[in-house]
Every structure is written in structure tokens, then in C-alpha cells.
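Summary of structural features
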Amino acid sequence: MKKMNLRDMYPFFRSDVWVDVDEEVADEIRRFDLKESAYRLRTYRHRAYYSLDRNDGVEQHVLFLSISPEEVYERKLSRQQLYEAMCQLPVKSARRIYAHYFLGMSKVDIARAEHVDERAVRKSIQRGLKKMEYLLKNM
């Protein structure tokens, strides 16, 4: 039998309360304390603070707000303007901008796929973005 102080385990005890427990129970409590402290250290080191969502939808509702119909309409208009501006670009620039920003390809990969120098792809994308900026400002 081991003596344990309940004040160490429960914060609402203001004075020492000693109890006798089996050694198996004491070892299990100690093992749990070690696991909990290791978990806290791991989350601190890796900055991994996990969600406490109970799957009742509260966190989902807070993080992913539903957008209003006005916002849906504004996004639709801005998307249309973006596509209209891309359609007014030269075919190469539009294709390269689409591959880089929409498909996530790197400029080096685009250059390899088109068998051109990477600088040409960079300049083409840069010129295309400047022209799109000009077109979008004038819409």
C-alpha cells in the first residue's frame, strides 16, 4: 500500500488528505501523469493545439461562416471579370498564368513542359499580370 495526498490530485482540497491505495493503482496514476505531461510538452514544442470541438457544429459554424447572397453575387462578378481579363490576354500568357496560379505548377515545370527558358515564362507571367491589372482597373 502507498500513501497518496489527494491535495496533489484535486485542486479543490485546501489541506492535505492522505489515503492508502494499492501499488497498482498508484503506478497507474503515476503512468497517467507522465503521459499527460509528455502530451503537454509535445503540444508546446510543436505548437499543436488541437480542437476541442465536440462534433456539435459550434466550431464548424464559427470557422466557416455562411456567406450572404450579396457576397455570393460579388464573388461571381469578380470571377467573371477575372476570366474576361484572362481571355483578353495573349494565349501563351493566359495559359502560363492559368498553369501557375490555378493548377499550382511551378514556373520551372511550365518551362520544361513548353521546352522554353524559365526566364521567358517568368516574364510572360509578369507581363500578363500587369496587363490583367490594367484591364481590371478599367472594367
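Residues numbered from 1 in each chain as written. Predicted model: local features only at pLDDT ≥ 70, side-chain atom pairs only at ≥ 80, totals over all residues. Heavy atoms only, no water.

A few words now on the nonpolar core. One recurring pattern in soluble globular proteins: nonpolar side chains tend to sit buried together. Of all hydrophobic cores here, the largest spans 12 residues; its members are Ala85, Met86, Leu89, Ala94, Ile97, Ala99, Ile110, Ala111, Val121, Ile125, Met132 and Leu135. Looking at this core, the elements with two or more residues in it are α4 (69-87), α5 (91-102), α6 (107-114) and α7 (118-137). For this core, the element with the highest residue contribution is α7, accounting for four residues. Setting aside residues up to four positions removed in sequence, methionine 86 forms contacts with Ala94, Ile97, Tyr98, Phe102 and Met132. (Core = buried A, V, L, I, M, F, W, Y, C linked by side-chain atoms within 4.5 Å. Buried < 20%, exposed > 50% of the residue type's maximum accessible area, 1.4 Å probe, protein only. Helix = DSSP H or I, 4+ residues; strand = E, 2+ residues; numbered from the N terminus. Contact = heavy atoms within 4.5 Å.)

Turning to the packing of aromatic side chains, a few remarks are in order. Summed over all chains, the structure comprises five aromatic pairs. Arranged with centres 6.4 Å apart and planes meeting at 25°, the rings of tyrosine 83 and phenylalanine 102 form a pair that is stacked. With tyrosine 83 in helix α4 and phenylalanine 102 in helix α5, this pair connects stretches of sequence that are 19 residues apart. Grouped by ring-pair contacts, the aromatic residues Tyr10, Phe12 and Phe13 constitute a single cluster. (Phe/Tyr/Trp six-rings, centres within 6.5 Å; stacked < 30°, edge-to-face > 60°.)

Positive phi, close to 55°, is recorded for histidine 115, a residue that is not glycine. Topologically, histidine 115 is positioned in the loop between α6 and α7.

Together, Tyr83, Tyr98, Tyr101, Phe102, Leu103 and Leu129 line one region of the surface with nonpolar side chains, adding up to about 600 Å² of accessible area. In terms of residue count, α5 provides more of the nonpolar patch than any other element does, three residues in total. On the accessibility criterion, phenylalanine 102 (39% relative accessible area) is partly exposed. (Patch = residues over 30% accessible without salt bridge, like charges linked within 9 Å, V, L, I, M, F, W, Y side chains within 5 Å. Areas by Shrake-Rupley, 256 points an atom, 1.4 Å probe, with all protein chains shown as cover. Salt bridge = Lys/Arg side-chain N within 4 Å of Asp/Glu carboxyl O.)

Below, the discussion takes up the side chain of arginine 96. Structurally, arginine 96 can be placed in helix α5. Judged by its relative accessible area of 6%, arginine 96 falls in the buried class. Beyond its immediate stretch of four places on either side in the chain, arginine 96 contacts Ile110, Glu114, Val116, Ala120, Val121, Ser124 and Ile125.

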